[in-house]
Amino acid sequence: MRIYDIAFVCRSKNAGPFQLTVDLMFKTREEFDRVLNSPRFVPETIAPLYRTTPDKVQIKVFERILTIKVVLPRLCGSGSPEDTDVYGSQQHFPLGDLDI
Amino acid sequence: MSDELRYLSLCGMLGYGYSPVSLENAFADKLDFIGVDAGSTDPGPYYLGSGKSFVKTLQMKRDLSLVLKRALDRKIPIIIGSAGGSGARPHVERVLEVIKEIASEQDLKFKLAVIYSDVEKSLLEKAAAEGRIHPCGGSPEFDANSIPRICNPVAQFGTDPIIEALKTGADVILSGRCCDTAVFAAFPIMKGFPAGLALHAAKIAECGALCARPAGANDSLVVTLRKDSFTVEPPDPERKCTPDSVAAHSLYEQPDPYCFYEPEGMIDMRNSSFEQTGERAVTVRGTVLVPAAKETLKLEGAAFCGFRSITIAGVRDPNAIANLDAVEAGVRKAVAINIKNITDDYSLRFLRYGVDAAGGRLEAPADPLPREAALVIEAIAPTQDIADTAISLARSSALHQQFPNRKSTAGNLAFPFSPSDFKGGEVYEFSLYHLMDMEGIDLEFRPEIIEVGK
């Protein structure tokens, strides 16, 4: 099942002009655990989706509201000539397509 | 020191608006100060670089004109942070003009403290040479060669300059680029409230009612701060805060839900608790400040990259959609030949909406290909005239470009507009988004006093 179909919120946004944060929110503990504990939900799998290296992928867990945050480097600064998404708000894919 | 202070965050960004009901309700009780932040790097580097405001002047005027007289009558200081969005001198001066205009229209007299946050390029050069400029928030190593291209470099200071401005007894404080939290934490820290709680409350307050449900950066939030806790409540009865809505706010645009960094240090929320303490109010406890080990100052600057011109067209022909790579290659070649005697200093970019533009080509092109796609071609060049010329050549080439199995030999593109090309103006990039090590640097941001209406 795709992460996009498991999470009830799947969103991305700039965290400053050089980082992206993808937030995944879940309705149930089971869904949250299913993604968090999946052997595929690791920096080694996520990094190549965003053309980066595993050491630059941070996975942060906010258990109280069943949320997982994935922080990724932007490939270029927000609004620079190479950028395609100034606010970074459509960068939750390809992560959303990751099959869990 | 009083045991409790109460303040109003007018809205998430000056100019985003707020409900007059919110203002009415917030004023029903005592208020120690009113804050409104305007700062954001979200809309990109253009606004800082060009000196233009992200929010329109009339929007800012509306938001200030409703509150200014009421606040002055009650002697409640108003603190405006990161004026005009980016907080460089041209932004601050524009907001100052708005304030003077309101004062003149409403016959108001008051004392205003303005704090500019611009930094000299000579300081950047010196700091870069001394190895004081370090990446932050994922920024690359600072390239000192970009300094000549940087427009409007600013420092993002913390609470100290605002505290100094408050001590002048100013009725209105207009600050250049500053930390969003500084707007709301300066007054409480000056009054001796714990900095950890004050900064956490400020972090929530700076977005207005975004921490409430329904969430709204375009509405107000009232914060009551005590020595051991703070309470947030939206003054609009249509909104409410819940422990989850307030806790979730620490996720928003932040790399870490358990801490954030300000010039004062790291705000540690690992032991923070969120409790419903009223029908629409949430009380937060347990946040602490871990003071910064060394003094740093965040710098922001946008480097000029050229001028932009674009054209937008739809593509319906399936063979054309399947051959957008070939179209692009052909257009690049044709433009290069035809612009050769004018310049070679230009760049072209092809954005293929429907295929792979929004994702920035992280993903493989859509499969199957869409029935329709939008092609945006962009040219960037040192002058607007050259960018316009490059896009004109690119557009005419793209319209008639050959590709394999082409059946649409009369034209490849459906232009929705005449003229089909648009000037995009100046293009910038954030080349400065770094921390400067401040040890041994004497740099102060002092308030200047202006008597308005006299």
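Residues numbered from 1 in each chain as written. Chains lettered and ligands numbered in written order. Predicted model: local features only at pLDDT ≥ 70, side-chain atom pairs only at ≥ 80, totals over all residues. Heavy atoms only, no water.

### As for the overall build of chain A
Line of reasoning, step 1. In terms of regular secondary structure, chain A is built from three helices and four strands.
Line of reasoning, step 2. Overall, chain A shows an N-to-C arrangement of helices and strands of α-β-β-α-α-β-β.
Line of reasoning, step 3. Projected onto the principal axes, the alpha-carbon positions of chain A cover approximately 40 × 25 × 20 Å.
Line of reasoning, step 4. Expressed as a percentage of the 100 residues in chain A, the buried residues total 56%.
Line of reasoning, step 5. Sequence-distant contacts in chain A: of pairs separated by 6 or more residues, those separated by 24 or more amount to 61%.
Line of reasoning, step 6. For chain A, the exposed area adds up to about 4,200 Å²; of that, 52% sits on carbon and sulfur atoms.
Line of reasoning, step 7. Across chain A, the 13 positively charged side chains and the 13 negatively charged ones have centroids separated by 4 Å. (Helix = DSSP H or I, 4+ residues; strand = E, 2+ residues; numbered from the N terminus. Buried < 20%, exposed > 50% of the residue type's maximum accessible area, 1.4 Å probe, protein only. Contact = heavy atoms within 4.5 Å. Areas by Shrake-Rupley, 256 points an atom, 1.4 Å probe, with all protein chains shown as cover. Lys, Arg positive; Asp, Glu negative; His and termini not counted. Charge placed at Lys NZ, Arg CZ, Asp CG, Glu CD.)

### Quick word on the state of the cysteines
Residue and element names in this part refer to chain B.
Line of reasoning, step 1. What the rule picks out here adds up to zero disulfides over all chains.
Line of reasoning, step 2. Left unpaired, Cys207 is separated from the closest cysteine sulfur, that of Cys211, by 8.5 Å.
Line of reasoning, step 3. Judged by relative accessible area, Cys207 falls into the buried class, the value being 10%.
Line of reasoning, step 4. Of all cysteine sulfurs in the structure, the one in Cys241 sits closest to Cys211, which takes part in no disulfide; the separation is 3.9 Å. (Disulfide = S-S within 2.5 Å.)

### A look at the domain arrangement of chain B
All names here are of chain B.
Line of reasoning, step 1. Once the domains are mapped, chain B shows domain 1 (4-117 + 157-295 + 438-452) and domain 2 (304-432).
Line of reasoning, step 2. Counting residues at the interface gives eight residues for domain 1, matched by four residues for domain 2.
Line of reasoning, step 3. Buried surface at the junction of domain 1 and domain 2, summed over both partners, amounts to about 510 Å²; 77% is from carbon and sulfur atoms.
Line of reasoning, step 4. Together, Pro45, Tyr46 and Gly49 form the three largest contributors to the area buried by domain 1 at its contact with domain 2, with a combined 67%.
Line of reasoning, step 5. Counting across the interface, domain 1 meets domain 2 through zero salt bridges.
Line of reasoning, step 6. Applying the counting rule to domain 1 against domain 2 returns one residue pair in polar contact (both at pLDDT 80 or more). (Domains from an automatic or database assignment. Buried area = accessible area lost by both parts, 1.4 Å probe. Salt bridge = Lys/Arg side-chain N within 4 Å of Asp/Glu carboxyl O. Polar contact = N/O pair within 3.5 Å; in protein donor to acceptor, adjacent residues only side chain to side chain.)

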